[in-house]
Amino acid sequence: MSVTIYHNPACGTSRNTLALIRATGEEPEVIHYLETPPNREELVSLIRRIGPRDLLREKGTPYADLGLGDPSFTDDQLIDAMMAHPILINRPIVVGPKGVKLCRPSEEVLSVLDRPLAADFAKEDGEVVPANG
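In this text the structure is predicted, and so the values were computed from the model without any measurement.

(A) Up close: the side chain of Lys123. Inspection of the secondary structure puts Lys123 in the loop between strand E5 (121–122) and strand E6 (128–129). A relative accessible area of 9% places Lys123 in the buried class. Each residue touching Lys123, except ones within four places of it in the same chain, is listed here: Asn16, Pro105, Ser106, Glu107 and Val129.

Take a look at the structure:
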């Protein structure tokens, strides 16, 4: 099974996640979701496996302006907001052989991959993710 990452290259966590995937020897399908957002069916599929509120990003988005913290919003309304404003979709999301995961922190990606790290991995900030997990 292939690996897909919904990626924002401006995000350090997303860059680290992509680099971690590649460090396992896997070359993922990279979807720049701000340029090519998932369609409604794809978004609903991801949400079903992660959860709508877990997939909502607050920081640097219109989350507060849209009042999305209001618990009365239905899943469909939250999906509508994410469709209208893809920046609301939290990242990075990885679809791998072992499931779907919002990879925050980036090393969470290892739980959905078949292959382990071949060697210790240094994140952009210098934090080391050990190969033996």
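(B) A look at the side chain of Arg57. Structurally, Arg57 is set in the loop between helix H3 (52–55) and helix H4 (75–84). Salt bridges are absent for the buried Arg57, whose nearest opposite-charge side chain, Glu58, sits at 9.7 Å. Residues within four places of Arg57 in sequence aside, it is in contact with Tyr63, Ile87, Leu88, Ile89, Asn90, Arg91 and Arg104.

(C) Main features of the pattern of salt bridges. Scanning the entire structure with this criterion turns up eight salt bridges. A salt bridge links Arg40 to Asp80; its shortest N-O distance comes to 2.7 Å. Of the two residues, Arg40 is situated in helix H2 (residues 40–50) and Asp80 in helix H4; the sequence distance between them amounts to 40 residues. The class of Asp80 is partly exposed, set by a relative accessible area of 41%. The residue Glu127 makes a salt bridge to Lys123 at a minimum N-O spacing of 3.4 Å. Salt bridges sharing common partners tie together Arg40, Asp76 and Asp80.

(D) Structural context of the pairing of strand E1 (residues 4–7). Here E1 shows no split at all, with Thr4 and Tyr6 on one side and Ile5 and His7 on the other all buried. Here four bridges tie E1 to strand E2 (residues 29–32), and the two strands are oriented parallel to one another. Note on E2: the bridge partner recorded for Thr4 is Glu29. Regarding the hand of the β-α-β motif, the stretch spanning E1, helix H1 (residues 12–23) and E2 is right-handed. The pairing of E1 with strand E3 (residues 93–96) spans three bridges and is classified as antiparallel.

(E) Expanded view of the packing of H2 against H4. Here H2 crosses H4 at 125°, and the two axes come no closer than 11 Å. What the angle tells us is that H2 and H4 run oblique. At the point where H2 passes H4, the crossing takes the right-handed sense. Residues Arg40, Leu43, Val44 and Ile47 of H2 touch H4, and the partners they reach there are Asp76, Ile79, Asp80, Met82 and Met83. Split by residue class, the contact of H2 with H4 holds six nonpolar, no polar and three charged.

(F) Representation of the sheet that holds E2 within the structure. The mixed open sheet is built from four strands, whose spatial order is E2-E1-E3-E4. Across the chains shown, the open sheet's two edge strands, defined by having one partner strand only, are E2 and strand E4 (99–102). Here the strands of the sheet are splayed against their neighbours by 15° on average, with no regard to which way each runs. Together, E1, E2 and E3 form the strand contacts of H1, whose direction differs from that of E1 by roughly 160°.

Calculation rules
Residues numbered from 1 in each chain as written. Predicted model: local features only at pLDDT ≥ 70, side-chain atom pairs only at ≥ 80, totals over all residues. Heavy atoms only, no water. Helix = DSSP H or I, 4+ residues; strand = E, 2+ residues; numbered from the N terminus. Buried < 20%, exposed > 50% of the residue type's maximum accessible area, 1.4 Å probe, protein only. Contact = heavy atoms within 4.5 Å. Lys, Arg positive; Asp, Glu negative; His and termini not counted. Salt bridge = Lys/Arg side-chain N within 4 Å of Asp/Glu carboxyl O. Pairing = 2+ DSSP bridges. Right-handed = clockwise from strand over helix to strand, strands pointing away. Axes fitted to C-alpha atoms, helices over the stretch in contact; angles between N-to-C directions. Parallel < 35°, antiparallel > 145°, perpendicular 65-115°, else oblique. Left-handed = near helix turned anticlockwise from the far one by under 90°. Nonpolar A, V, L, I, M, F, W, Y, C, P; charged D, E, K, R; others polar.

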